[in-house]
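# A structural walkthrough
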There are 6 protein chains.
Amino acid sequence: MRPSGRTPGQIRPITFTRQFTTHAEGSVLIEFGDTKVICTASVEEGVPRFLKGQGKGWVTAEYGMLPRSTHTRMRREAASGKQSGRTLEISRLIARSLRAAVDLSALGENTINIDCDVIQADGGTRTASITGACVALVDALNYMRNKGIINTNPLKHMIAAVSVGIYKGQAISDLEYLEDSAADTDMNVVMTETGKLIEVQGTAEEEPFSFDEMQEMLQLAKQGINELFDEQKAALS
Amino acid sequence: MRPSGRTPGQIRPITFTRQFTTHAEGSVLIEFGDTKVICTASVEEGVPRFLKGQGKGWVTAEYGMLPRSTHTRMRREAASGKQSGRTLEISRLIARSLRAAVDLSALGENTINIDCDVIQADGGTRTASITGACVALVDALNYMRNKGIINTNPLKHMIAAVSVGIYKGQAISDLEYLEDSAADTDMNVVMTETGKLIEVQGTAEEEPFSFDEMQEMLQLAKQGINELFDEQKAALS
Amino acid sequence: MRPSGRTPGQIRPITFTRQFTTHAEGSVLIEFGDTKVICTASVEEGVPRFLKGQGKGWVTAEYGMLPRSTHTRMRREAASGKQSGRTLEISRLIARSLRAAVDLSALGENTINIDCDVIQADGGTRTASITGACVALVDALNYMRNKGIINTNPLKHMIAAVSVGIYKGQAISDLEYLEDSAADTDMNVVMTETGKLIEVQGTAEEEPFSFDEMQEMLQLAKQGINELFDEQKAALS
Amino acid sequence: MRPSGRTPGQIRPITFTRQFTTHAEGSVLIEFGDTKVICTASVEEGVPRFLKGQGKGWVTAEYGMLPRSTHTRMRREAASGKQSGRTLEISRLIARSLRAAVDLSALGENTINIDCDVIQADGGTRTASITGACVALVDALNYMRNKGIINTNPLKHMIAAVSVGIYKGQAISDLEYLEDSAADTDMNVVMTETGKLIEVQGTAEEEPFSFDEMQEMLQLAKQGINELFDEQKAALS
Amino acid sequence: MRPSGRTPGQIRPITFTRQFTTHAEGSVLIEFGDTKVICTASVEEGVPRFLKGQGKGWVTAEYGMLPRSTHTRMRREAASGKQSGRTLEISRLIARSLRAAVDLSALGENTINIDCDVIQADGGTRTASITGACVALVDALNYMRNKGIINTNPLKHMIAAVSVGIYKGQAISDLEYLEDSAADTDMNVVMTETGKLIEVQGTAEEEPFSFDEMQEMLQLAKQGINELFDEQKAALS
Amino acid sequence: MRPSGRTPGQIRPITFTRQFTTHAEGSVLIEFGDTKVICTASVEEGVPRFLKGQGKGWVTAEYGMLPRSTHTRMRREAASGKQSGRTLEISRLIARSLRAAVDLSALGENTINIDCDVIQADGGTRTASITGACVALVDALNYMRNKGIINTNPLKHMIAAVSVGIYKGQAISDLEYLEDSAADTDMNVVMTETGKLIEVQGTAEEEPFSFDEMQEMLQLAKQGINELFDEQKAALS
């Protein structure tokens, strides 16, 4: 039923390439099939103004797509002078998700800036970004410990994310572009390795979805995300 | 347990004031307790470029807050020269939700622009906006039929929305500001009157939430939204 | 002669609704017939940089229109990324006028931000804004005295404003939209309750106006503004 | 009493240099004492969209100041990314004033763009701009007639402008910077050579002004503007 | 003398990875040592307005850097709302250079958009961009011929570029970051494979340079660029 | 061969008008034939943030063109909300060139802001700007010494600039607009009075240029710039 021949719950092959670039404290190329995102984590002394003097750290995130990461060239956001609503929405989602992975008090007054830049898009760029950024974040936290910037590990738990949806009446996991553009419903799920939910964003594209379909999607998401945790651990070991 | 003494599933008093302003084809002041939003629906001939010549219509939405709708004055977005990520995200949510209520083919090549302007905020402004805008939309569609712009009713079903969350470990419905700012999880749910889901956006603010908590919140949302459908019908009759 | 049947010097019915919204220190809905403006006065500690350390306060103002306050929907300025020249011009006029009502030295190093948001427009929105904002300002100053932020009353005198014009060859007062769009000359006058002028802005739209017509318009303005002072006092008592 | 020793009604020496630059159809350097403005009128085929197909023309205007036309350097507006409210307000004033000088129907579907760029500022830049731009406009209209673009003269009457004010309790004409910055009231008056008013913009800077003071200022303005008409005619002959 | 031990005229190891991403008609990852740039060439029907109806094509280019391509994180230009002068200057240089490689008449009314995105920076990003983009351009032109969009080969000659400079008093080729930041003079040279110059941009950073030093740098540039032409051909064969 | 009848190496008549405007510490109108640029140098206490506390000064520059300095009116950059790539590129070139003329350590923590505003353009505006700005800079430095702001002369050497190019197969100097728009190659050269190079920017517009042509252009540039140094000295004496 799926263009790729995958089973409904089957996610695409995943690869993590750590130290993909040399300057960032954490730098990961994540691939979900043909979706490829460069995720970097940059450590910076100090925190935004609203946090100063509280002894806590912060995690921010920005998302972008190279103009020709997509089938037809998109206008470069730097040239058009503003980021689209979609870009800002995804940036906010990535930042909230990663903040939920970190004990900000244990970070000290330091900021970690996450950048997720899509170099090739085939569906699921926001969930790939979160999953890859979490590995880059771990590398950055290790860097901070090695440099003596922090003494304890601020990581509360790994997080990972997958997209699920209703495609031709069936719940499926990790939608690629062909599926995504034809799906009735699209849902992004972010979870902790402790089996809890960080974000659930489900949207009916064409047809409203039932409570039962919601349950099916959540179950597929849980299963797929558990596989992602295994991949993350393998990559980090 | 709740600051207002409400029970967990109890929503605030709701009022709809139709024809709140005179120029818009649909104009509704919706009040969810102390949250007050002016929702207008403006009918415009023609559609955005990407839809031209397809015989279909479109629904857009923009959300804004008056600078002093909040406890402390916010900077006016028109003066700062750009809309925040939050504003754009809510505008997109409202637009997607209302498009799901309408058979765009039955609209002809016409656009309905929804404007939701918060004049007083006390939590739940985005769900109040959707709930009020649906009533303004119905008034605008009636106007179009009365003027002979369209011949059939493009409304597929009413939609309404409520926020739910986990507050002091308990699932509650229709969070006011005091609850919202202290909640562990915040979830916005948009449903059709046929009992299906249009949007589910759940976010862990402090603590991740379990699948069971998710179910409890969805049940409260369903119950609250059903009450909103009754209020909408009363207002429209 | 006038579409409404009013006499040349007759202004529209005026209402002030104080405490229209709950968060602002001063919040007034002013109605000049069908023109409706929400005027809020927000008290803020501190002053702009150019005034720091002088022991004086400041009054600013911003004006906006809801997109569908007008007959046809206007583009939202926050979305277009800049305020129009008209918006900035009116904001500057409101701010200058209200500063003229206040002894800035008696304010201490505090700022009062005036926001005038038009929710329904039928001519005279800038003069309604000034007239309503002065009442909101008084409420904000009273708040400051009650809170002990200031010890004396910085109000030098009430101010109020009305538009006058030459319509079908005749000087008239308080133009509504139908008159305004057909007038030869449009003049906005701001006065103090002591009978002096703060601002006079007269513009020939089609035909230049004579010195005699100018005198007639000024007399009508004086008479109309005196009625507004009575209404302001009634609202404040 | 005046820093320059001028009598209250005495305006500064005025010079017009026509053909100051070579490309524009009309190009005038106007000097009001030390205030120097380059005024150009550029003829362009076509009209803005809202006028298309009506057989009428249009006149627009833009005002700017070189960064070091003032005592201390101002930030370049092109670099800061937006024009100030003051700049837009003056641009609108110049455009309205010059449109009042022209029979737009006699222009055909052509646009005249006025640019007023202050190269040295010593008070009264907006009134100098209007007065100089009117001469540049006449040159551009003559160019159009010579080229056969129009057959009749669209000029209805010359216009000119002067600033007046209350300085040390006395009405004076054509304020230079030292006077302007210390004046209680500042008023800009634009008139036609037929003795009628186009614009009157009076602003109390510190002290409200009386109706009597308003009359005195208007009389001085009339007298000063009449001298400007003589200068314009001399320059054009 | 050089940090890397290279001889003055020795360029870094160069690699081209064609088809680096899948959507673009031409997509090349170019590496000059540790400098890595993704260069894509996107074919688009139609030309900018100023060229319409002339039967000629166009080539544009945009340059960008990922925020953490550099030692310390740079602000994302899409977020800051404008491209820096440096970014625009480099984009213009790349576009001019590639237009010089193409017979625009032979392109038909089609546009090729070049995007050069630096994922890792170690000096020489603009010359690497030009050198890599030329290969991506060839792939895009081949795509156009294979699809029958054009019938002849519009490529006039390959182009390539290298940076040269004066470092510690000595002319050297292909400066890496450590050298670039300490160089007295920096010069970028773009040449054709026919041995002619397209662009020469030399800048004294600290010390002015002599005519003799200019000659030495030009000779090194010629030699280095000739090696680049060999690498380009090997990559394309 | 040249439209003006000039010999290949002949530059246009040059005039410098010092103290062209009164407020700036240095203010020069430079004319290269029909190209006219107002160059001002403004002295300001303090330096940009990245230089604070180092005891060094800074020189910045901004370039602009009046909208009707050109044959057809250009859009005003302040109105369009951003400076073009060309404008930023020229501003950067002027700033770099002038910084090369000054010993920044001898400036103290002061900034000199250069503004070059083209009031009439006939080719070579950027080189005229640099040549005129250097004279304005000298006047500003003299002002600083006279006021006791600095004790030594920070000027290392005069700088001047000229454009050269290949026109109808021949190297020529100081291109006017007619030549510039038809030239095959355009090169801007900035030199010190000590005979060294500060900037060389050569661009093939249509045809690549040979190394020999490059030498010819450089020789013409040297000769022309030497004449400019004579003119600068005459103007300053």
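This is a predicted model, so every value here is computed, not measured. (Residues numbered from 1 in each chain as written. Chains lettered and ligands numbered in written order. Predicted model: local features only at pLDDT ≥ 70, side-chain atom pairs only at ≥ 80, totals over all residues. Heavy atoms only, no water.)

## Here we look at the arrangement of the chains
You won't find any contact between chain C and chain E; their C-alpha atoms come no closer than 11 Å. With no contact between them, chain B and chain F keep their nearest C-alpha atoms 11 Å apart. (Contact = heavy atoms within 4.5 Å.)

## Description of the packing of aromatic side chains
A full pass over the atoms with the stated rule returns six aromatic pairs over all chains. Centroid distance Phe50(C) to Trp58(C): 5.2 Å. Interplanar angle 90°. Geometry classified as edge-to-face. The exposure class of Trp58(C) is buried, given its relative accessible area of 18%. Directly above the ring of Phe211(C) sits Lys222(D), whose terminal nitrogen or CZ lies 4.7 Å from the centroid. (Phe/Tyr/Trp six-rings, centres within 6.5 Å; stacked < 30°, edge-to-face > 60°. Buried < 20%, exposed > 50% of the residue type's maximum accessible area, 1.4 Å probe, protein only. Lys NZ or Arg CZ within 6 Å of the ring centre and 35° of its normal.)

## Quick word on the sheet that holds strand 5 (residues 110-120) of chain C
All names here are of chain C. Taken in spatial order, the five strands make up an open sheet running 1-2-3-5-4, and their pairing is mixed. Single-partner strands in this sheet number two, and they are strand 1 (14-18) and strand 4 (58-65). Between one strand axis and the next, the sheet turns by 20° as a mean value, whatever way the strands run. Where strand 1 and strand 2 (residues 26-32) come together, five bridges link them in antiparallel fashion. Bridging across to strand 2, threonine 17 finds its partner in leucine 29. In the packing of helix 2 (residues 85-99) onto the sheet, contacts are made with strand 4 and strand 5, and the angle to strand 4 comes to roughly 145°. Contacts from helix 3 (residues 125-146) reach strand 1, strand 2, strand 3 (35-45), strand 4 and strand 5 within the one sheet, and its direction differs from that of strand 3 by about 35°. (Pairing = 2+ DSSP bridges. Helix = DSSP H or I, 4+ residues; strand = E, 2+ residues; numbered from the N terminus. Axes fitted to C-alpha atoms, helices over the stretch in contact; angles between N-to-C directions.)

## Remarks on the environment of Leu178(C)
On the secondary structure map, Leu178(C) appears in helix 4 (residues 177-180). C-alpha separation for the pair Leu178(C) and Glu31(C), spaced 147 residues apart in sequence, amounts to 17 Å.

## Observations regarding the pairing of strand 8 (residues 185-192) of chain D
Residues and elements named next belong to chain D. Here strand 8 lies mainly inside the structure; eight of its eight residues are buried. On strand 8, burial covers both faces: Thr185, Met187, Val189 and Met191 on one face and Asp186, Asn188, Val190 and Thr192 on the other are all buried. Bridging between strand 6 (residues 159-167) and strand 8 involves eight bridges; their strand directions are antiparallel. Paired with isoleucine 159 across the two strands is threonine 192, which belongs to strand 8. Looking at chain direction, strand 8 and strand 9 (residues 197-204) are connected through seven bridges and run antiparallel. In the strand pairing of strand 9, valine 190 is matched with glutamate 199. Linkage of strand 8 to strand 9, two consecutive antiparallel strands, is achieved through a turn of four residues, within which glycine 195 is found at a positive phi near 85°.

## Some points on the UniProt feature "binding site: phosphate" (unreviewed entry) in chain A
UniProt annotation of "binding site: phosphate" (unreviewed entry) refers to Arg86(A), Gly124(A), Thr125(A) and Arg126(A) when read in the numbering used here. These residues run over 41 residues, yet every pair of their C-alpha atoms falls within 13.5 Å of each other. According to the relative accessible area criterion, Arg86(A) is partly exposed, its value standing at 28%. Residues in contact with Arg86(A), not counting those within four places in the same chain, are Tyr63(A), Met65(A), Thr125(A), Arg126(A) and Arg92(B). Checked against the element boundaries, Gly124(A) lands in the loop between strand 5 (110-120) and helix 3 (125-146). Contact partners of Gly124(A), with chain neighbours within four places excluded, come to Thr35(A) and Leu175(A). (UniProt positions renumbered as here; feature names shortened; annotations may be inferred.)

## Points about the UniProt feature "domain: Exoribonuclease phosphorolytic" (unreviewed entry) in chain A
Residues and elements named next belong to chain A. The residues that UniProt annotates with the feature "domain: Exoribonuclease phosphorolytic" (unreviewed entry) are residues 10-140 and 157-224. From the first C-alpha to the last, residues 10-140 spans 31 Å; its make-up is 27% helix and 32% strand. End C-alpha atoms of residues 157-224 are separated by 17 Å, and the span's content is 26% helix alongside 43% strand.

## Focus: the interface of chain E and chain A
How large an interface is tends to be reported as the accessible area lost when its parts come together. Tallying the contact residues gives 35 residues for chain E and 35 residues for chain A. For the pair chain E and chain A, the two sides together bury roughly 2700 Å², of which 50% comes from carbon and sulfur. The largest per-residue losses of area from chain E upon contact with chain A belong to His23(E), Arg68(E) and Arg76(E), which jointly make up 28% of the total buried on that side. There are 12 salt bridges connecting chain E and chain A. Across the salt bridge formed by Asp115(E) and Arg73(A), the nearest N and O atoms sit 2.5 Å from each other. On inspection of chain E and its partner chain A, the count reaches 21 residue pairs in polar contact (both at pLDDT 80 or more). Mapped onto the side of chain E that touches chain A, the elements with two or more residues apiece are strand 3 (35-45), strand 4 (58-65), helix 1 (77-80) and strand 5 (110-120) of chain E. The biggest single contributor to the side of chain E that touches chain A is strand 5 of chain E, with six residues. (Buried area = accessible area lost by both parts, 1.4 Å probe. Salt bridge = Lys/Arg side-chain N within 4 Å of Asp/Glu carboxyl O. Polar contact = N/O pair within 3.5 Å; in protein donor to acceptor, adjacent residues only side chain to side chain.)

## Quick look at the side chain of Ser97(A)
Residue and element names in this part refer to chain A. When you line up the elements, serine 97 lands in helix 2 (residues 85-99). A polar side-chain atom of serine 97 sits 2.8 Å from the main-chain carbonyl oxygen of leucine 93. Serine 97 has contacts with Ile130, Ile159, Val190, Ile198 and Glu199, leaving out every residue within four places of it along the chain.

## Quick word on the packing of helix 5 (residues 211-236) of chain E against helix 5 (residues 211-236) of chain F
Contact geometry of helix 5 of chain E with helix 5 of chain F gives a least axis separation of 13 Å together with a crossing angle of 160°. As far as their axial angle goes, helix 5 of chain F and helix 5 of chain E are roughly antiparallel. Taken as a pair, helix 5 of chain E and helix 5 of chain F cross one another with a handedness that is right-handed. Contact residues: Phe211(E), Met214(E), Gln215(E), Leu218(E), Gln219(E) and Lys222(E) in helix 5 of chain E; Phe211(F), Met214(F), Gln215(F), Leu218(F), Gln219(F) and Lys222(F) in helix 5 of chain F. In the contact of helix 5 of chain E with helix 5 of chain F, the residues fall into six nonpolar, four polar and two charged. (Parallel < 35°, antiparallel > 145°, perpendicular 65-115°, else oblique. Left-handed = near helix turned anticlockwise from the far one by under 90°. Nonpolar A, V, L, I, M, F, W, Y, C, P; charged D, E, K, R; others polar.)

## As for the sheet that holds strand 4 of chain E
All names here are of chain E. Pairing within the open sheet is mixed, and its five strands lie in the order 1-2-3-5-4. Taken across any chain shown, the strands that pair with only one partner, and hence form the sheet edges, are strand 1 (14-18) and strand 4. Looking at each pair of strands side by side, their axes are set apart by 20° on average, direction ignored. Both strand 3 and strand 5 contribute to a ladder of 10 bridges, which runs antiparallel. Pairing of valine 37 across the sheet is with valine 118, part of strand 5.

## Some remarks on the relation of the copies chain E and chain A
Superposing chain E onto chain A takes a rotation of 180° combined with a translation of 0.0 Å along the rotation axis, leaving an RMSD of 0.0 Å. As the rotation angle and translation indicate, the two copies are arranged about a two-fold axis. Ranked by how close their C-alpha atoms come to the rotation axis, the residues of chain E are headed by Ala78(E), at 1.8 Å. (Least-squares fit on C-alpha atoms with pLDDT ≥ 70 in both.)

## Focus: the side chain of Glu89(D)
Of note, Glu89(D) is situated in helix 2 (residues 85-99). Ignoring sequence-local partners within four residues, the contact set of Glu89(D) consists of Glu89(C), Arg92(C), Arg96(C) and Arg126(D).

## Here's the deal with the packing of helix 2 (residues 85-99) of chain E against helix 3 (residues 125-146) of chain E
Residues and elements named next belong to chain E. Between helix 2 and helix 3, the least distance of the axes is 10 Å, while the angle of their chain directions is 40°. The pairing of helix 2 with helix 3 is recorded here as oblique in orientation. Crossing of helix 2 over helix 3 shows right-handed handedness. Together, Arg86, Glu89, Ile90, Leu93, Ile94, Ser97 and Leu98 of helix 2 and Thr125, Arg126, Ser129, Ile130, Ala133, Cys134 and Leu137 of helix 3 make up the contact between the two elements. Broken down by class, the residue content of the contact of helix 2 with helix 3 amounts to eight nonpolar, three polar and three charged.

## Here's the deal with the environment of Asn188(A)
With respect to the helices and strands, Asn188(A) occurs in strand 8 (residues 185-192). Non-local contacts of Asn188(A), meaning those with residues more than four positions away in its chain, are made with Arg126(A), Thr127(A), Val162(A), Ser163(A), Glu199(A), Val200(A) and Gln201(A).

## Things to note about the pattern of salt bridges
Under the counting rule described, the total for this entry stands at 102 salt bridges over all chains. When the shortest N-O distance is used, the salt bridge between Arg12(C) and Asp122(C) registers 3.7 Å. Taken together, the residues Arg12(C) in the segment before strand 1 and Asp122(C) in the loop between strand 5 and helix 3 connect sequence positions 110 residues apart. Take Asp122(C): its relative accessible area is 14%, and that puts it in the buried class. By sharing partners, the salt bridges in this structure join Arg2(A), Arg6(A), Arg12(A), Asp122(A), Asp174(A), Glu176(A) and Glu179(A) into a single network.

## Thoughts on helix 5 (residues 211-236) of chain C
Here helix 5 of chain C is 26 residues long and its end C-alpha atoms lie 37 Å apart, about the 38 Å a rise of 1.5 Å per residue gives. Every buried residue of helix 5 of chain C is accounted for by Phe211(C), Glu213(C), Met214(C), Met217(C), Leu218(C), Leu220(C), Ala221(C), Gly224(C), Ile225(C), Leu228(C), Phe229(C) and Gln232(C). (Expected span 1.5 Å × (residues − 1).)

## What about the state of the cysteines?
The bond known as a disulfide is covalent and runs between the sulfur atoms of two cysteines. Residues and elements named next belong to chain A. In the structure shown here, the tally under the stated rule is zero disulfides over all chains. Summary of cysteine pairing: cysteine 39 is not part of a disulfide, and the nearest cysteine sulfur, belonging to cysteine 116, is at 4.1 Å. Residue cysteine 39 is classed as buried on the basis of its relative accessible area, which comes to 0%. (Disulfide = S-S within 2.5 Å.)

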